Amino acid sequence: MPSPMDIADSMKAYLAGLFDGEGCIRIAKSRPNSHNRLGQYWLMVSITNSCIEVLKLIQSLYGGHLIVKNRASQLRPNLRTCGEWRIVSRVGGERFLRDIFPYVFIKRRQVEVGFSFLETFQKTNLGKKRWKIETRETVSTQRFVLKNRLHELKKDFSVDQIV
């Protein structure tokens, strides 16, 4: 995988435009269970496109997974194959978002919420296997608020968000 310095600014700008038009940033949460009573949060970044080669290029630069869906059926035989690149890795996802951030226009505030979400991991991971209960609950609350903020930004999009 190339280092961030190896990716040209023009490619980062192109990827930002692709992300603005075809991408998604999402904070997801698992259900609480016996191992984690608060549930687990993660950030997912994705881009969907019918040009699989572009998605393979993104995967080669940042890692992640590529899902290819053949959408054609007997009723709709003309639908093209579609692909989705997804990255859930904190390191790879953050690297992708940092690379495109100077060029993102439409989803800029969503990316900023993504950065705030990623910061909650840096504050809590102190090299210990277990956190104090108060810390876990506080961080879980912060992540819940950021998840809802991201959802609201998507639902109530306006030009004011990008100015």
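Just above, that's the structure.
S.K.: Help me out: how do you make sense of the overall build of the protein chain in this one?
M.R.: Helix and strand content of the protein chain: five helices and four strands. Across the protein chain, helices and strands are ordered from the amino to the carboxyl terminus as α-β-β-α-β-β-α-α-α. Sequence-distant contacts in the protein chain: of pairs separated by 6 or more residues, those separated by 24 or more amount to 63%. Carbon together with sulfur atoms contributes 53% to the accessible area of the protein chain, which is approximately 10300 Å² in total.

S.K.: What exactly am I supposed to notice about the side chain of Gln-110 here?
M.R.: Relative to the helices and strands, Gln-110 resides in helix α4 (residues 108–124). Once residues lying within four places of it in the same chain are set aside, the contact partners of Gln-110 are Ile-25, Leu-150, Leu-153 and Lys-154.

S.K.: Is there a simple way to explain the sheet that holds strand β4 (residues 81–87) in this structure?
M.R.: Backbone hydrogen bonds hold the strands of a sheet together, and the pairing may be parallel or antiparallel. Across the sheet, which stays open at both edges, the four strands sit in the order β1-β2-β4-β3 with antiparallel pairing between neighbours. What marks the edges here is a single partner per strand, and that holds for β1 (23–29) and β3 (65–70). For this sheet, the mean inter-axis angle between neighbouring strands, taken without regard to orientation, is 25°. Relative to β4, strand β2 (residues 41–49) runs antiparallel, the two being bridged by five bridges. Looking at the pairing, Val-45 lines up with Ile-87 of β4. Sitting on the sheet, helix α3 (residues 90–100) is in contact with β1, β2 and β4, with an inclination near 55° to β2.

S.K.: Help me understand the packing of helix α1 (residues 9–22) against helix α2 (residues 52–62), please; the structure alone is not making it clear to me.
M.R.: Two packed helices can be described by the angle between their axes and the distance between those axes. Their axes nearest at 12 Å, the elements α1 and α2 cross at an angle of 120°. One finds that α1 runs oblique with respect to α2. Seen from above, α1 lies across α2 with left-handed handedness. Facing Met-11, Tyr-14, Leu-15 and Leu-18 of α1, the residues of α2 in contact are Val-54, Leu-57, Ile-58, Leu-61 and Tyr-62.

S.K.: Just checking my understanding: could you explain the pairing of β2 for this structure?
M.R.: Burial analysis of β2 places seven of its nine residues in the buried class, the great majority of the element. Across seven bridges, β1 lies against β2 in antiparallel orientation. Residue pairing for β2: Ile-25 is matched across the bridge by Val-45.

S.K.: Just checking my understanding: could you explain the pairing of β4 for this structure?
M.R.: It is a general feature of regular strands that their side chains alternate between the two faces of the sheet. Among the seven residues of β4, five are classified as buried, and the element is accordingly described as predominantly covered. As paired strands, β3 and β4 are joined by six bridges and run antiparallel to one another. Bridge assignment links Lys-69 to a residue of β4, and that residue is Cys-82.

S.K.: Would you mind showing me how to read the environment of Val-139 here?
M.R.: Counting through the fold element by element, Val-139 comes out in helix α5 (residues 133–155). According to the relative accessible area criterion, Val-139 is buried, its value standing at 5%. Considered as a pair, Val-139 and Thr-120 are 19 residues apart in the sequence and their alpha carbons are 6.5 Å apart.

S.K.: Where do I start with the nonpolar core in this structure?
M.R.: General note: in soluble globular proteins, nonpolar side chains tend to be found buried as a group. Counting residues in hydrophobic clusters, the biggest one holds 32 residues, and the most contacted among them are Phe-19, Val-45, Ile-58, Tyr-62, Trp-85, Phe-96 and Leu-97. Those elements that provide at least two residues to this core are α1, β1, β2, α2, β4, α3, α4 and α5. Counting residues per element, this core draws most heavily on α4, at six residues. Those residues within four positions of Trp-85 in sequence are excluded, and the remaining contacts are Val-45, Ser-46, Ile-47, Leu-55, Ile-58, Gln-59, Tyr-62, Gly-63, Gly-64, His-65, Leu-66 and Phe-96.

S.K.: Explain α2 here, please?
M.R.: Residues spaced three or four apart along an α-helix point in a common direction, a consequence of the helix completing one turn every 3.6 residues. Looking only at α2, the buried set comprises Ile-52, Val-54, Leu-55, Ile-58, Leu-61 and Tyr-62. Tucked into the core, α2 has its buried residues touching α1, β2, β3, β4 and α3. The first or second residue beyond α2 is Gly-63, which carries a positive phi of 85°.

Reading the values: rules and limits
- Residues numbered from 1 in each chain as written.
- Predicted model: local features only at pLDDT ≥ 70, side-chain atom pairs only at ≥ 80, totals over all residues.
- Heavy atoms only, no water.
- Helix = DSSP H or I, 4+ residues; strand = E, 2+ residues; numbered from the N terminus.
- Contact = heavy atoms within 4.5 Å.
- Areas by Shrake-Rupley, 256 points an atom, 1.4 Å probe, with all protein chains shown as cover.
- Pairing = 2+ DSSP bridges.
- Axes fitted to C-alpha atoms, helices over the stretch in contact; angles between N-to-C directions.
- Parallel < 35°, antiparallel > 145°, perpendicular 65-115°, else oblique.
- Left-handed = near helix turned anticlockwise from the far one by under 90°.
- Buried < 20%, exposed > 50% of the residue type's maximum accessible area, 1.4 Å probe, protein only.
- Core = buried A, V, L, I, M, F, W, Y, C linked by side-chain atoms within 4.5 Å.

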